[in-house]
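# Remarks on the overall topology
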Amino acid sequence: MMNKNNSLVNKVKMLYGENISFSFPVPATENGMKVEKYFVYRMSFEKNKTRPFAIVITAVADGTILEIVNSHFCDFVDTSEYPFEKKISYELSDDSLTARQMKDLIERANCLYYTVRELFFQKELSENNKAIVVEYKSIVDRITPPSLIPFYNALNPSYVSWLNSVG
């Protein structure tokens, strides 16, 4: 679900196999560096499947992979609350979306994200910039399974809070 370079995808697929998908990127600051965080999960046509099982952290500046962590080793969420053996629903709140609509919404979210990422690191937003963030959040909310929200929050709670507060 992210607009990422093939190098990142290929490197992560070398570790975890072809059948994986990435979350939308989540901007953050780690050790004074602007980064993007993603969680990785298995692709499947099943509505209920295993929760995300890894995180990838890249540098915003050049996309360098800084860290790949298997959540079985070091989990980014509370494992007791989200155990690996308990499947979660990947159903959307809006089940009326067609495949074409979903593709278009993902493309629009990916297009808006680069602006939203830069805005996240700014102190103040113009009304126009707020509208961009609101549109992005609206799209992401529509195409993200509700069960994945805690995983996004675990990547960077301040970003999720910021998204919810703009508008």
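Here's what I pulled together on the structure shown here. (Residues numbered from 1 in each chain as written. Predicted model: local features only at pLDDT ≥ 70, side-chain atom pairs only at ≥ 80, totals over all residues. Heavy atoms only, no water.)

### Examining helix 2 (residues 99-120)
The following threshold applies: Helix numbers and strand numbers start at the N terminus; a helix is a DSSP run of H or I with at least 4 residues, a strand a run of E with at least 2. The span expected for a helix works out to 1.5 Å for each residue beyond the first. Bending is quantified residue by residue as the angle between axes fitted to the seven-residue window ending at that residue and the seven-residue window starting at it. With a 1.4 Å probe rolled over the protein chains alone, any residue whose accessible area is under 20% of its type maximum counts as buried; one over 50% counts as exposed, and the rest are partly exposed. Contact criterion: two residues are considered in contact whenever any of their non-hydrogen atoms come within 4.5 Å of each other.
Compared with an ideal rise of 1.5 Å per residue, which puts 22 residues at 32 Å, helix 2 spans 30 Å between its outermost C-alpha atoms and is within 8% of the ideal. Bending of helix 2 peaks at approximately 35° at the position of Tyr113. The complete set of buried residues in helix 2 reads Met102, Leu105, Ala109, Asn110, Leu112, Tyr113, Val116, Arg117, Leu119 and Phe120. Those residues of helix 2 that are buried are in contact with strand 2 (26-30), strand 3 (33-42), helix 3 (127-143) and helix 5 (157-165).

### Concerning the layout of surface pockets
This is how the line gets drawn: Both cavities and pockets are sets of points on a 1 Å grid over the protein atoms alone; in a cavity a 1.4 Å probe fits but cannot get out, in a pocket the set is open with protein on both sides within 12 Å along at least five of seven lines, and lining residues sit with an atom within 4 Å of a point. Grid points are joined across faces, edges and corners, and a volume is the space filled by probe spheres set on the points. Only Asp, Glu, Lys and Arg are considered charged, only Ala, Val, Leu, Ile, Met, Phe, Trp, Tyr, Cys and Pro nonpolar, and every remaining residue, Gly among them, polar.
There is about 580 Å³ of room inside the largest pocket. Taken together, 22 residues line the largest pocket, and the ones lying closest to its centre are Lys49, Tyr90, Glu91, Leu92 and Met102. Secondary-structure elements contributing two or more residues to the lining of the largest pocket are strand 3 and helix 2. Among the residues making up the lining of the largest pocket, the classes are represented as 12 nonpolar, three polar and seven charged. As for the second largest pocket, its lining consists of 14 residues, of which Val140, Ile149, Tyr152, Val160 and Leu163 are closest to the centre. For the lining of the second largest pocket, the secondary structure elements donating two or more residues are helix 3, helix 4 (149-155) and helix 5.

### Remarks on the pattern of salt bridges
Stated precisely, the cut-off is as follows: Salt-bridge detection follows one rule: a side-chain nitrogen of Lys or Arg within 4 Å of a carboxyl oxygen of Asp or Glu.
According to the stated counting rule, one finds 12 salt bridges in the structure shown. Between Glu91 and Lys47 there is a salt bridge, and its shortest N-O distance comes to 3.9 Å. Remark: Lys47 occurs in the loop between strand 3 and strand 4 (48-49) and Glu91 occurs in the loop between strand 7 (88-89) and helix 2; sequence separation between them is 44 residues. Looking at Lys47, the relative accessible area reads 53%, which means it is exposed. Close ionic contact of Glu135 with Arg108 constitutes a salt bridge, the shortest N to O distance being 2.9 Å. One end of the pair, Glu135, is in helix 3; the other, Arg108, is in helix 2, and 27 residues separate them in sequence.

### Digging into the environment of Glu118
Among the secondary structure elements, Glu118 is positioned in helix 2. Residue classification places Glu118 among the partly exposed positions, given a relative accessible area of 35%. Between the C-alpha atoms of Glu118 and Pro27, which are 91 residues apart in sequence, the distance is 8.9 Å.

### A few points about the pairing of strand 3
Operational definition: Should DSSP find at least two bridges between two strands, the strands are regarded as paired.
Among the 10 residues in strand 3, seven count as buried, and that is most of the element. Pairing between strand 1 (residues 20-22) and strand 3: three bridges, direction antiparallel. Bridged to Phe22 within strand 3 is Val40. Here strand 2 pairs with strand 3 via five bridges, running antiparallel. Bridging across to strand 3, Ala28 finds its partner in Val35. Adjacent in sequence and paired antiparallel, strand 2 and strand 3 are bridged by two residues, among which Asn31 carries a positive phi angle near 50°.

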